Structures are given as C-alpha cells and as structure tokens.
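Observations on the model geometry
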Amino acid sequence: GAVVSQHPSWVICKSGTSVKIECRSLDFQATTMFWYRQFPKQSLMLMATSNEGSKATYEQGVEKDKFLINHASLTLSTLTVTSAHPEDSSFYICSAMGVRGDTQYFGPGTRLTVL
Amino acid sequence: AQSVTQPDIHITVSEGASLELRCNYSYGATPYLFWYVQSPGQGLQLLLKYFSGDTLVQGIKGFEAEFKRSQSSFNLRKPSVHWSDAAEYFCAVGNNAGNMLTFGGGTRLMVKP
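For the structure given in this document, a descriptive report is provided here. It should be emphasised that the depicted structure is a prediction, and the values quoted were computed from it without experimental measurement.

1. Notes on the overall build of chain B
- Helices and strands together make up the secondary structure of chain B, namely zero helices and twelve strands.
- Reading chain B from its N end, one meets helices and strands in the order β-β-β-β-β-β-β-β-β-β-β-β.
- Compactness check: chain B gives a C-alpha radius of gyration of 13 Å against a globular reference of 13 Å for 113 residues, within 12% of the reference.
- If one aligns the C-alpha atoms of chain B with their principal axes, the spans along those axes are about 40 × 30 × 20 Å.
- The contacts of chain B with a sequence gap of at least 6 include a subset with a gap of at least 24, amounting to 54%.
- Total accessible area on chain B stands at roughly 5300 Å², and carbon and sulfur atoms take up 49% of it.
- Counting 9 positive and 8 negative side-chain charges, chain B places the centres of these two groups 3 Å from one another.

2. Regarding the pattern of salt bridges
- One pass over the structure, following the stated rule, counts eight salt bridges over all chains.
- One salt bridge in this structure joins Arg24 of chain A and Glu22 of chain A, with 3.4 Å as the shortest N-O distance.
- Where Asp88 of chain A meets Lys66 of chain A, a salt bridge forms, and the shortest distance between an N and an O atom there is 2.9 Å. You can see Asp88 of chain A sitting in the loop between strand S8 (76-81) and strand S9 (90-97) and its partner Lys66 of chain A sitting in the loop between strand S6 (57-58) and strand S7 (67-73), a full 22 residues away along the chain.
- A relative accessible area of 12% places Lys66 of chain A in the buried class.
- Connected via shared salt-bridge partners are Glu64, Glu66 and Arg77 of chain B.

3. Side note on a nonpolar patch on the surface
- A grouping of Trp10, Ile12 and Leu115 of chain A is seen on the molecular surface, where their side chains present a nonpolar patch of about 390 Å² in accessible area.
- With respect to the helices and strands, the residue Leu115 of chain A is situated in the segment after strand S11 (110-114).

4. As for unusual backbone geometry
- Across the junction of His7 of chain A and Pro8 of chain A, the peptide omega takes the value 0°, indicating a cis bond.
- Tracing the backbone through its elements, the reader meets Pro8 of chain A in the loop between strand S1 (4-7) and strand S2 (10-13).
- One non-glycine residue, Ser72 of chain B, lies in the positive phi region at around 50°.
- As for its placement among the helices and strands, Ser72 of chain B is situated in the loop between strand S8 (64-68) and strand S9 (73-78).

5. Observations regarding the pairing of strand S12 (residues 107-112) of chain B
Residue and element names in this part refer to chain B.
- Burial of the side chains of S12 is restricted to one face: Thr107, Leu109 and Val111 are buried, whereas none of Arg108, Met110 and Lys112 on the reverse face is.
- Here five bridges tie strand S2 (residues 10-14) to S12, and the two strands are oriented parallel to one another. Across the sheet, residue Thr12 finds its bridge partner in S12, namely Met110.
- As paired strands, strand S10 (residues 87-94) and S12 are joined by three bridges and run antiparallel to one another. Counted as the bridge partner of Ala87 is Leu109 from S12.

6. With respect to the state of the cysteines
- Using the criterion set out here, one finds two disulfides over all chains in the structure.
- Sulfur-sulfur distance for the disulfide between Cys23 of chain B and Cys91 of chain B comes to 1.9 Å. For the disulfide bridge between Cys23 of chain B and Cys91 of chain B, the dihedral angle about the S-S bond is near -65°, and by the sign convention the bridge is left-handed. Taken together, the residues Cys23 of chain B in the loop between strand S3 (19-21) and strand S4 (24-26) and Cys91 of chain B in strand S10 connect sequence positions 68 residues apart. Each of the two residues, Cys23 of chain B as well as Cys91 of chain B, counts as buried.
- Cysteine Cys13 of chain A shares no disulfide, and the gap to the nearest cysteine sulfur, in Cys94 of chain A, comes to 18 Å.
- Cys13 of chain A gets classed as buried once you look at its relative accessible area, which sits at 9%.

About the thresholds
- Residues numbered from 1 in each chain as written.
- Chains lettered and ligands numbered in written order.
- Predicted model: local features only at pLDDT ≥ 70, side-chain atom pairs only at ≥ 80, totals over all residues.
- Heavy atoms only, no water.
- Helix = DSSP H or I, 4+ residues; strand = E, 2+ residues; numbered from the N terminus.
- Rg over C-alpha atoms; globule rule 2.2 N^0.38 Å.
- Contact = heavy atoms within 4.5 Å.
- Areas by Shrake-Rupley, 256 points an atom, 1.4 Å probe, with all protein chains shown as cover.
- Lys, Arg positive; Asp, Glu negative; His and termini not counted.
- Charge placed at Lys NZ, Arg CZ, Asp CG, Glu CD.
- Salt bridge = Lys/Arg side-chain N within 4 Å of Asp/Glu carboxyl O.
- Buried < 20%, exposed > 50% of the residue type's maximum accessible area, 1.4 Å probe, protein only.
- Patch = residues over 30% accessible without salt bridge, like charges linked within 9 Å, V, L, I, M, F, W, Y side chains within 5 Å.
- Pairing = 2+ DSSP bridges.
- Disulfide = S-S within 2.5 Å.

Given below as structure tokens:
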C-alpha cells in the first residue's frame with residue numbers, strides 16, 4: 001500500500017517551454033501532496049505543499065508563477081514548470097500524505113533537463 | 001525551528017559487517033522521526049518511523065533505529081549489510097501534523113564486497 005507514482009520519469013525540453021509533471025497516489029487518497037526539488041548529491045528541499053481543492057502553499061524563495069501546482073483530485077497533483085530555463089534542471093520528487101496524516105510517501109522522482 | 005544533522009556524509013562498510021548511521025535532531029516537542037532510503041535516480045522509500053512508544057523501532061529490510069531523547073538522536077542500524085543496501089539514507093523529523101518534514105543532508109553508504 002501507499003504507492004505514489006510520477007510521470008514522466010525523465011524529460012528533456014528546450015529553454016522557454018513548459019513541462020508538466022504528474023504525481024499520483026495509486027492506492028490511497030491524499031488530501032495533501034508535497035513537491036520537492038533535489039540537486040545532485042544534496043538533500044531534498046520542499047518547494048510547496050499542495051492541498052486538494054485549494055491553492056498551494058509555496059516555500060520562501062519559490063516562484064509560484066514559475067512552478068504552477070494544481071491538486072484537482074484526491075489522487076493527482078501536477079507541477080508545471082513554466083518557461084523552463086537550464087537552471088530549472090533538477091530532480092523533482094513528490095510525496096503524498098498517507099491516510100493517517102502522519103507519514104509522507106514518495107514518488108520515484110522526475111529528472112528534468114532543460115537545454 | 002526543527003533541524004536534522006547527519007554527521008557522516010559517506011560511509012563505507014564491508015558486506016556482512018554491521019552498520020550504524022547517525023542522526024541528530026532538534027525539535028521543540030516530541031518529534032516524529034523517519035528514515036528513508038534513496039537508490040540512485042529513485043525516489044525515497046520509507047524504512048521506518050518513530051512517533052511514540054517503544055524507542056527501538058523495527059523497519060523493513062532488516063533495519064532498526066533507536067530513539068534516544070537524552071541525546072536527541074535517532075540512529076539507524078543493521079546487523080549485517082548486504083551489497084544491495086548501498087544507497088543514500090536520509091533521516092527526517094516531522095511535526096505531529098505531518099506537514100512539515102525536515103531532512104538531514106543524507107549519508108551515502110557504500111558496501112565493499
């Protein structure tokens with residue numbers, strides 16, 4: 001149980017384009033999902049908290065207009081990187097809060113490369 | 001503010017040897033503590049967690065961790081390491097609402113044959 005998927009697992013795009021990453025909780029409903037960014041050989045940095053049916057809460061320093069988050073259902077949250085630039089290249093990981101509301105379960109991550 | 005320190009960036013152990021990964025936390029109340037493992041290019045898998053009760057917690061893959069409040073530590077242990085355990089290990093502390101998870105810097109484990 002508590003399986004989280006992400007799609008795509010990797011994506012390469014040209015500078016200036018937008019990329020959408022999906023995060024799904026496969027066997028449970030998640031009212032809260034989280035988006036993290038991980039640079040090579042570093043720890044995870046929380047970007048935003050996504051609650052179903054409401055606006056996401058962004059961490060300080062994260063541009064909400066660049067990283068659009070939508071949590072339209074209890075099993076799906078999406079992160080759209082708008083007008084991507086090479087500095088946006090990173091590993092993006094989502095997590096979903098388990099049904100007991102005390103543990104985050106992580107997706108496999110999406111590697112984004114912006115050329 | 002909550003914080004987590006993993007003092008060892010890299011650890012190398014021989015296959016079959018015992019393992020201990022250190023984790024120290026700072027949190028004002030009773031912490032929710034987690035250990036996650038990340039294989040290269042993968043997401044994080046939950047190994048074990050501690051919320052309350054018995055301070056020695058058993059997890060998956062033969063791992064265990066012990067919560068020591070007096071030392072603000074939550075060290076991860078395994079009696080005999082397998083080559084497949086080579087990965088990055090993250091300790092994390094969360095609040096009781098589960099919506100604020102702070103990660104340590106991670107410890108990269110390498111296993112020698």
